[in-house]
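In case you want the letters, here they are:
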Amino acid sequence: MPLPKLELPSYEIELPLSKKKLKYRPFVVKEQKNLLMAMEADDKESIEKNVKQVLTNCTLTEDVNIEKLPVIDVEYYFLNLRARSVGEVVENSYRCNNEVNNEVCNNVMKTSLNILDIKVEMPKEDKSLIQLTDDITIKLRYPEYSVLKKITKMDNVSDVAFEMIAECVEYICDGEQYYYSNEVSSQEMVEFIENLNQQQFEKIENFFSEMPKLEKKIEMKCSKCGFDHTIRMEGLESFFG
C-alpha cells in the first residue's frame, strides 16, 4: 500500500517588474538541502542553477520561464518563497564598528527582520529609452536571470560589462529602422556598445546604476557603546547573512 501523499499549501505573488502573477508552493526538505549545499560551496554558478531549479519546481503557474524573468523579479520571488518555506523572520548579526577610546567596540548586535516586509525600490522615472545622437536611440531592458549564467563564466570585468549591456538591449533605432536584438548577433551588439563615446556610455551606465533593487534600511543602537547604526541591506545575499 503506498504511503499517503502530503498536500502542500499554495500562495500567490505579483512580481514587481514584469507584473506577472504566479501561484507557487513552498519548497520541500530535499530542495532546501540542495540549496544549502550550493550556498555552503560558495559557487555562484551552482547557486544560480539551484535557485532556478527550485523556483521552477515550486511554480504552479504554467509556461513560466524563470530564466526570462528580470533578475530582480527572481530575487523577490525567491525571497518570498523562502519566507513561505522556512519562515518569515530572519535573524542577522552585526559587529559595532564604532571607535571608543581608540578601540573598535566590536559588540555583536542582533536583529530580526520579516523578509515579507522587504519591497523592491523602483526608480522614479523610466530611463530605458536613451537618446545617443539626434537620430539614434537605444532601448534597454533590465537583465534577465539567464544573463547571470553567461557572465559568471567570464573572467574579464570589462567583457562582463559589455556582454551584460548587449544582452539588455531591446532595440536600436536610427530614426528610420529598428534593429531588434534577436535579429542582430551578440558580437555586433557588443561592438556597437564598445564604439560609444564616454558621454553616451555614461547614459547607459546610469540606467543600470539606478536599477530597481531589494533594499531595506535598519536603524539600531549598540547596547555596549550606545552608537546609532544605520545598516543598509541590499541584494538577496544580505538578507541571509
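Located above this text is the structure these notes cover.
Residues numbered from 1 in each chain as written. Predicted model: local features only at pLDDT ≥ 70, side-chain atom pairs only at ≥ 80, totals over all residues. Heavy atoms only, no water.

Chemist: Before we go on, may I ask you to explain the overall build of the protein in this structure?
Modeler: A count of helical and extended segments in the protein gives 7 helices and 13 strands. Taking the principal axes of the C-alpha coordinates as reference, the protein spans close to 70 × 60 × 35 Å. Taking all 241 residues of the protein together, the buried fraction comes to 39%. The contacts of the protein with a sequence gap of at least 6 include a subset with a gap of at least 24, amounting to 62%. Per element, the accessible surface of the protein, about 15,300 Å² overall, is 47% carbon and sulfur. Here the protein contributes 31 positively and 44 negatively charged side chains, and the mean placements of these two sets differ by 8 Å. (Helix = DSSP H or I, 4+ residues; strand = E, 2+ residues; numbered from the N terminus. Buried < 20%, exposed > 50% of the residue type's maximum accessible area, 1.4 Å probe, protein only. Contact = heavy atoms within 4.5 Å. Areas by Shrake-Rupley, 256 points an atom, 1.4 Å probe, with all protein chains shown as cover. Lys, Arg positive; Asp, Glu negative; His and termini not counted. Charge placed at Lys NZ, Arg CZ, Asp CG, Glu CD.)

Chemist: In this structure, what is going on with the pattern of salt bridges? I would like to understand it.
Modeler: Side chains that carry opposite charge are capable of pairing whenever their charged atoms lie near each other. In the structure shown here, the tally under the stated rule is 8 salt bridges. One salt bridge in this structure joins Lys68 and Glu144, with 3.8 Å as the shortest N-O distance. Residue Lys68 is found in the loop between α2 (44-58) and α3 (71-85), and its partner Glu144 is found in the loop between β9 (137-140) and α4 (145-152); the two are separated by 76 residues along the sequence. Its relative accessible area of 53% is what places Lys68 among the exposed residues. In this structure, Glu210 and Lys127 form a salt bridge, with 3.1 Å as the shortest nitrogen-oxygen distance. Here Lys127 lies in the loop between β7 (119-121) and β8 (129-131) and Glu210 lies in the loop between α7 (198-209) and β12 (213-221), a separation of 83 residues in the sequence. Glu210 sits in the partly exposed class, given a relative accessible area of 35%. (Salt bridge = Lys/Arg side-chain N within 4 Å of Asp/Glu carboxyl O.)

Chemist: Is there a simple way to think about the sheet that holds strand β13 (residues 228-234) in this case?
Modeler: The pairing of strands in a sheet comes from backbone hydrogen bonds and takes either a parallel or an antiparallel form. With antiparallel pairing, 3 strands are arranged side by side in an open sheet as β7-β12-β13. Among the strands making up the open sheet, the edge pair consists of β7 and β13. Direction aside, the axes of adjacent strands within the sheet are offset by 45° on average. For β7 and β12, the ladder comprises 3 bridges, and the chain directions are antiparallel. (Pairing = 2+ DSSP bridges. Axes fitted to C-alpha atoms, helices over the stretch in contact; angles between N-to-C directions.)

Chemist: When you look at the sheet that holds strand β10 (residues 169-173) in this model, what are you seeing that I'm missing?
Modeler: Spatially, 4 strands are ordered β8-β9-β10-β11 in an open sheet, and the strand pairing comes out antiparallel. What marks the edges here is a single partner per strand, and that holds for β8 and β11 (178-180). Each strand axis lies, on average, 20° off the axis of its neighbour in the sheet, ignoring direction.

Chemist: Help me understand the state of the cysteines, please; the structure alone is not making it clear to me.
Modeler: Disulfide: a covalent bond connecting the sulfur atoms of a pair of cysteines. Here the structure, examined in full by the defined rule, presents 0 disulfides. Distance from the sulfur of Cys222, which forms no disulfide, to the nearest cysteine sulfur (Cys105) is 3.8 Å. Note on Cys222: relative accessible area 2%, which makes it buried. (Disulfide = S-S within 2.5 Å.)

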